[in-house]
Amino acid sequence: MSEKQWLHPRKQPRQARAELTRQRILKAAAHVFAEYGYAAGTTNRIAERARVSIGSLYQYYPNKDAILLELMAGHFDSGAAEVARRQAEELPDTIEGVMRVFVQAAIANHLDDPQLLRIMVEQAPRSQDLMKKVYQFKDARVAYARELLRRYPEVRVSDVDTAARIINASIELVVHQVIAEHEPIDPKRLEDELVAMFTRYLTSA
């Protein structure tokens, strides 16, 4: 079976009722994966939680890998939309304020369900389409960060290009990792520590 057959939805809903069913399956899957873990989060349990027959579930998704991949794509799209929304707003006058805006955006996108996030980080499949979208988004974020860092005289790093890549990768990886850990962390403390770390890095001589 090809990747397209194995990891992609079997049909795209064309009617409102079908779209509601698809959303119900995804919502049920998120709860089941978070409650039982990925190994025990079977399609039977998902169908039961969604109140649909297993046959109906398979009309939309060939397996639970495809369901988890769609949940991951939705998580990514939600994060990209939040970043775009914040970029469209007027930014603070200091680089510390700018770092806080983007750290807050990353944290906000990861707080809904840390258990599901952990499964996404550790076990979700990676399709070529999703990875292409991820890389395109990262390239755009780095280009934006590079331009942004050059606007602030207080930024004193010698290599702005590398700094833009480090900042973007660090925000994404650290927030993913820390929020997904088994021991919870205070989001405000995480925000403050990351902002302080990035600000010191960017403004030190």
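The rules behind each value
- Residues numbered from 1 in each chain as written.
- Predicted model: local features only at pLDDT ≥ 70, side-chain atom pairs only at ≥ 80, totals over all residues.
- Heavy atoms only, no water.
- Salt bridge = Lys/Arg side-chain N within 4 Å of Asp/Glu carboxyl O.
- Buried < 20%, exposed > 50% of the residue type's maximum accessible area, 1.4 Å probe, protein only.
- Helix = DSSP H or I, 4+ residues; strand = E, 2+ residues; numbered from the N terminus.
- Core = buried A, V, L, I, M, F, W, Y, C linked by side-chain atoms within 4.5 Å.
- Contact = heavy atoms within 4.5 Å.
- Phe/Tyr/Trp six-rings, centres within 6.5 Å; stacked < 30°, edge-to-face > 60°.
- Lys NZ or Arg CZ within 6 Å of the ring centre and 35° of its normal.

Asker: Explanation requested: the pattern of salt bridges in the structure shown.
Answerer: When the charged atoms of two side chains lie near each other, side chains of opposite charge can form a pair. Counted by the stated rule, this structure contains 10 salt bridges. With its nearest N and O atoms 3.1 Å apart, the salt bridge here joins R151 to E147. On the basis of relative accessible area, R151 is assigned to the partly exposed category, the value being 48%. Between K188 and D192 there is a salt bridge, and its shortest N-O distance comes to 2.8 Å. A residue pair is termed a helical-turn pair when its members lie 3 or 4 positions apart in one helix, as K188 and D192 do in helix α10 (residues 187–203) at four residues. One network of salt bridges, with partners in common, ties together R100, K188, E191 and D192.

Asker: I'm lost on the nonpolar core in this one. Help?
Answerer: Buried together is how nonpolar side chains tend to be arranged in soluble globular proteins. Counting residues in each nonpolar core, the largest one holds 33 residues, and the members touching the most others are F102 and L202. When contributions to this core are tallied by element, the ones reaching two or more residues are α6 (95–108), α8 (128–149), α9 (160–179) and α10. Leaving out residues up to four positions away in the same chain, L202 has contacts with I95, M99, L149, E154, V155, R156, V157, A163 and I167. Counting 23 residues, the second largest nonpolar core, distinct from the first, contains A18, A28, V52 and A66.

Asker: Sorry if this is basic, but what is going on with the packing of aromatic side chains here?
Answerer: Here the distance between the centres and the angle between the planes together describe a pair of aromatic rings. Summed over all chains, the structure comprises two aromatic pairs. When the ring centre of Y36 is taken as origin, the NZ or CZ atom of R45, which lies over that ring, is 3.9 Å away. Lying across the ring of Y38, K64 places its NZ or CZ 4.5 Å from the centre.

All we've got here are geometric facts, nothing functional implied.
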